[in-house]
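What follows is the residue order along each chain.
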Amino acid sequence: MPEQLTLYLHKLSPYSQKIELALVEANAPYKAYQVDVWNKPEWFASIVNTIGKIPAVTYGGPDVDPEDPSPLSAKIAESNVILEFVADLYPDSGLLPKDPIQRANVRFFVNATVKHVEEVFYAFFLGEAPYENVLKGIEFIQGLLEEGRDFAVGDHYTIADACITPHLARLKIVTETDLGKYPVGMGYRLGEELKGPKFVKFMKYLERMLERPSLKEKHDEESLITLFKTKLGDERAQ
Amino acid sequence: MVQKVSPEGEFTTCIVSRVSDANWQIELALIEANASYKTCQIDLFNKPEWYASKVNPIGKVPAVTYGGPDVDPEDPSPLSTKITESRVILEFLADLYPDSGLLPKDPVQRAKVRWFIDATNKHIEDPFYAFIRGRGSYEHVLKGIEFIQGLLEDGTDFAVGDHYTIADAAISPYLARLKIVTENDAGKFPVGMGYKLGEELKGPKFAKFTKYVERMVERPSWKQTNNEEAVIAFFKKIFSERVQ
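Residues numbered from 1 in each chain as written. Chains lettered and ligands numbered in written order. Predicted model: local features only at pLDDT ≥ 70, side-chain atom pairs only at ≥ 80, totals over all residues. Heavy atoms only, no water.

**Brief notes about the nonpolar core**
Grouped together as the largest cluster of nonpolar side chains are 73 residues, with contacts concentrated most on Phe-85, Phe-109, Leu-171 and Leu-190 of chain A. Discounting residues that sit within four places of it in the chain, Leu-171 of chain A has contacts with Phe-121, Val-134, Ile-138, Leu-190, Leu-194, Phe-202 and Leu-206 of chain A. Listed in part, the 71 residues of the second largest apolar core include Phe-108 of chain A together with Ala-119, Phe-131 and Phe-189 of chain B. (Core = buried A, V, L, I, M, F, W, Y, C linked by side-chain atoms within 4.5 Å. Buried < 20%, exposed > 50% of the residue type's maximum accessible area, 1.4 Å probe, protein only. Contact = heavy atoms within 4.5 Å.)

This is the structure:
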């Protein structure tokens, strides 16, 4: 019988979404508690995560109300650390393969996602880097994808897929709505480039990931679009 | 280099550059796990041509080749698997040697090890390299060390739990560099700041951290692989221009 697992998250954060995808794909039971990132409750920092970051997980200890975390539970933070933790809790879920070399491939893909997608895409989104950087990053990721394979690594959904999928969903929004702080039109331009023959393998992978029931269950595109519209303000480069 | 066949008959070749800290993490982990391996030194400033074409197209060290026929490290086989990225390699070694203690068996403890490594990158590596490149303050370094000190548990010799893990291997090279900087004042920071950092670290505030460092320095794995002279020479070479 698994111990209690409570995920403190923000439903629109890609880092929180990574964890939800992994938990859903592993059929893992868990409680989710939505934290208002711009207005965190006082008990959160003092009990769950002294750094105050989400996502954060409490594991074990008595089964309590998420708003009243027990000092007896383990507290875990950092999205990629939590992904590995979920994979450790569910070793037969396929979230991580059993073979050491395949596990290394999954971790390499996760690392690559951090370096070549996360850092790059959000810099572009905030108007701090050109869209060409995003394309370069995507090209690197595409180079890791194997032909004829549905997943990032091997034959099963792993934490590599969970790690990148939330960013793929946001990429799709950017290319379809042009929302962001980058110069007007650059979102559409990025989308046009991605439709070209050079990125066929990547786009097919993106489509497969966005089709998965786990993503459809956890992804709230409308709320995300509203968030982008309200939080980004009106100032945009031309 | 003594060649030993590991139980599975696989060979692990570790390609390191002795002055690069990410590489050192891997050698420490290999030694602590009693793993069989061969090493091949790569000169960071003069990489052999075969390295990029046969091992790592990005040309970075460290890299590990695993499996395949038993070959000379300078003639890697296309049949071996190539693994790069020090963090990935450390986890790989822990997977290859699950009973070595490099990673605990318990999921919560494993998470603590990974969190410690993350914290090392954020709070030690980044501020430290900013400092020695003359771009960050030594106060930042101290803040980072204070954070890491806060993670060290009382009554245990290691970063996490009762055994040497990849967390200890991950932080060790930075501890060695810290020692060099505070003892030799080598770096691009203003003259004397390295010594000042050392003085601060001798204070009671950092006693827990300093004791942890001393324990790491005493380990045979450290003594076997620490090449202080080479690193000092390397630092002096690349940090020759100094602010006064």
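**Regarding empty space enclosed by the protein**
All names here are of chain A. Here the structure, examined in full by the defined rule, presents four cavities of 30 Å³ or more. For the second largest cavity, the calculated volume is near 70 Å³. In terms of lining, the second largest cavity is formed by His-116, Val-117, Val-120, Phe-121, Val-134, Ile-138, His-167, Leu-168, Leu-171 and Phe-202. Elements supplying a minimum of two residues to the lining of the second largest cavity: helix H4 (100-125), helix H5 (131-144) and helix H6 (159-177). (1 Å grid on protein atoms, 1.4 Å probe; cavity = no way out; pocket = protein on both sides within 12 Å on 5 of 7 lines; lining within 4 Å. Points joined across faces, edges and corners; volume = space filled by probe spheres on them. Helix = DSSP H or I, 4+ residues; strand = E, 2+ residues; numbered from the N terminus.)

**So, the sheet that holds strand S3 (residues 56-59) of chain A**
Pairing between the strands of a sheet comes from backbone hydrogen bonds, and it takes one of two forms, parallel or antiparallel. Residues and elements named next belong to chain A. Taken in spatial order, the four strands make up an open sheet running S2-S1-S3-S4, and their pairing is mixed. The open sheet is flanked by strand S2 (31-34) and strand S4 (74-77), the only strands paired with a single partner. Mean inter-strand twist for the sheet, computed between neighbouring axes without regard to direction, equals 20 degrees. Bridge analysis of strand S1 (residues 5-9) against S2 gives four bridges, and the strand direction is parallel. (Pairing = 2+ DSSP bridges. Axes fitted to C-alpha atoms, helices over the stretch in contact; angles between N-to-C directions.)

**A word on the pairing of S1 of chain A**
Remember that side chains alternate between the two faces of the sheet whenever the strand is regular. Residues and elements named next belong to chain A. Counting buried positions along S1 gives five out of five residues, so the element sits mostly inside the fold. Here S1 shows two buried faces, one formed by Leu-5, Leu-7 and Leu-9 and the other by Thr-6 and Tyr-8. Alignment of S1 against S3, held across four bridges, turns out to be antiparallel. Looking across to S3, one finds that Leu-5 is bridged to Tyr-59. Taking the sense of rotation as the criterion, the β-α-β connection linking S1, helix H1 (residues 14-25) and S2 turns out right-handed. (Right-handed = clockwise from strand over helix to strand, strands pointing away.)

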